[in-house]
Amino acid sequence: MVQKYFSIIIIALLFAVDMLSKYFFYDLQIGKELRFLEPHFNTGIARSLPVPLRLVIVFSVVAAGFFIRLWKNTLLPKRVAILLLAGLLGNLVDRVVLD
């Protein structure tokens, strides 16, 4: 049973680590004394480009499907697909919550 859902469990764990690290860094400001860790907030997508939230959601769903398809067709290594999907999910939640 665990073997069947292993990838989903890993994606969920990586997503949780992403959310917790942002909470510790931005909300609790742990690490603010470290000069090389300066917070920066993007208000849009890459380089703060203003893109409507609906378009970001659609693009994220399409990208997730693309990554999964590449993974299933063995064109993308499983570990890479897991990292991409976890990052995509974390960024999508950031956009939905911050907008």
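Residues numbered from 1 in each chain as written. Predicted model: local features only at pLDDT ≥ 70, side-chain atom pairs only at ≥ 80, totals over all residues. Heavy atoms only, no water.

> Could you give me a rundown of the nonpolar core, with the residues and numbers involved?
Counting residues in each nonpolar core, the largest one holds eleven residues, listed as Ile11, Ala63, Ala64, Phe67, Trp71, Leu76, Ala81, Ile82, Leu85, Ala86 and Leu88. Contributions of two or more residues to this core are made by helix 2 (53-72) and helix 3 (78-98). Examining the composition of this core, we find that five residues originate from one element, helix 3, more than from any other. (Core = buried A, V, L, I, M, F, W, Y, C linked by side-chain atoms within 4.5 Å. Buried < 20%, exposed > 50% of the residue type's maximum accessible area, 1.4 Å probe, protein only. Helix = DSSP H or I, 4+ residues; strand = E, 2+ residues; numbered from the N terminus.)

> Describe the packing of aromatic side chains, naming the residues involved and giving the relevant values.
Tallying each qualifying case throughout the model produces two aromatic pairs. Between tyrosine 23 and phenylalanine 24, the aromatic rings sit 5.8 Å apart at their centres with planes inclined by 55°, giving tilted as the arrangement. Here phenylalanine 24 falls in the partly exposed class, since its relative accessible area comes to 38%. Their ring planes at 55° and their centres at 6.3 Å tell us that phenylalanine 66 and phenylalanine 67 sit as a pair that is tilted. By relative accessible area, which is 17% here, phenylalanine 67 ends up buried. (Phe/Tyr/Trp six-rings, centres within 6.5 Å; stacked < 30°, edge-to-face > 60°.)

> So what about the side chain of serine 60? Which residues, and what values?
With respect to the helices, strands and loops of the structure, serine 60 is situated in helix 2. On the accessibility criterion, serine 60 (10% relative accessible area) is buried. For serine 60, the residues in contact, after removing those within four places along its chain, are Leu88 and Leu92. (Contact = heavy atoms within 4.5 Å.)

> How would you explain the side chain of lysine 22 if you had to name every residue and give the values?
As for its position among the elements, lysine 22 is in helix 1 (residues 2-27). Looking at lysine 22, its side chain comes within polar contact range of the side chain of aspartate 94, at 2.3 Å. Apart from residues lying up to four places away in sequence, lysine 22 is in contact with Asp27, Gly90, Asn91 and Asp94. (Polar contact = N/O pair within 3.5 Å; in protein donor to acceptor, adjacent residues only side chain to side chain.)

> Residue-level account of unusual backbone geometry, with values.
Positive phi, normally seen in glycine, also occurs at threonine 74, with a value near 55°. Mapped onto the elements of the fold, threonine 74 is located in the loop between helix 2 and helix 3.

> I'd like a rundown of helix 2, residues and numbers included.
Each turn of an α-helix holds 3.6 residues, which means side chains three or four residues apart point in the same direction. Compared with an ideal rise of 1.5 Å per residue, which puts 20 residues at 28 Å, helix 2 spans 28 Å between its outermost C-alpha atoms and is within 8% of the ideal. Inspection of helix 2 places Val56, Ser60, Ala63, Ala64, Phe67 and Trp71 among the buried residues, and these make up the whole buried set. Buried residues of helix 2, viewed axially, fall in a sector of 105°; they line one side. Facing away from the buried side of helix 2 by more than 90 degrees, the exposed set consists of Arg54, Val61, Val62, Phe66, Arg69 and Lys72. Just downstream of helix 2, threonine 74 is the residue with a positive phi angle, here 55°. (Expected span 1.5 Å × (residues − 1). Arc of directions from axis to C-beta.)

> Describe the confidence of the model for the protein, and please don't skip the residues or the numbers.
Parts of the model with low pLDDT should not have their predicted coordinates read in detail. When the pLDDT values of the protein are averaged, the result is 83; 80% of them are 70 or greater. When the elements of the protein are averaged for pLDDT, helix 1 gives the smallest value, 86, and helix 2 the largest, 91. (pLDDT = per-residue confidence, 0-100.)

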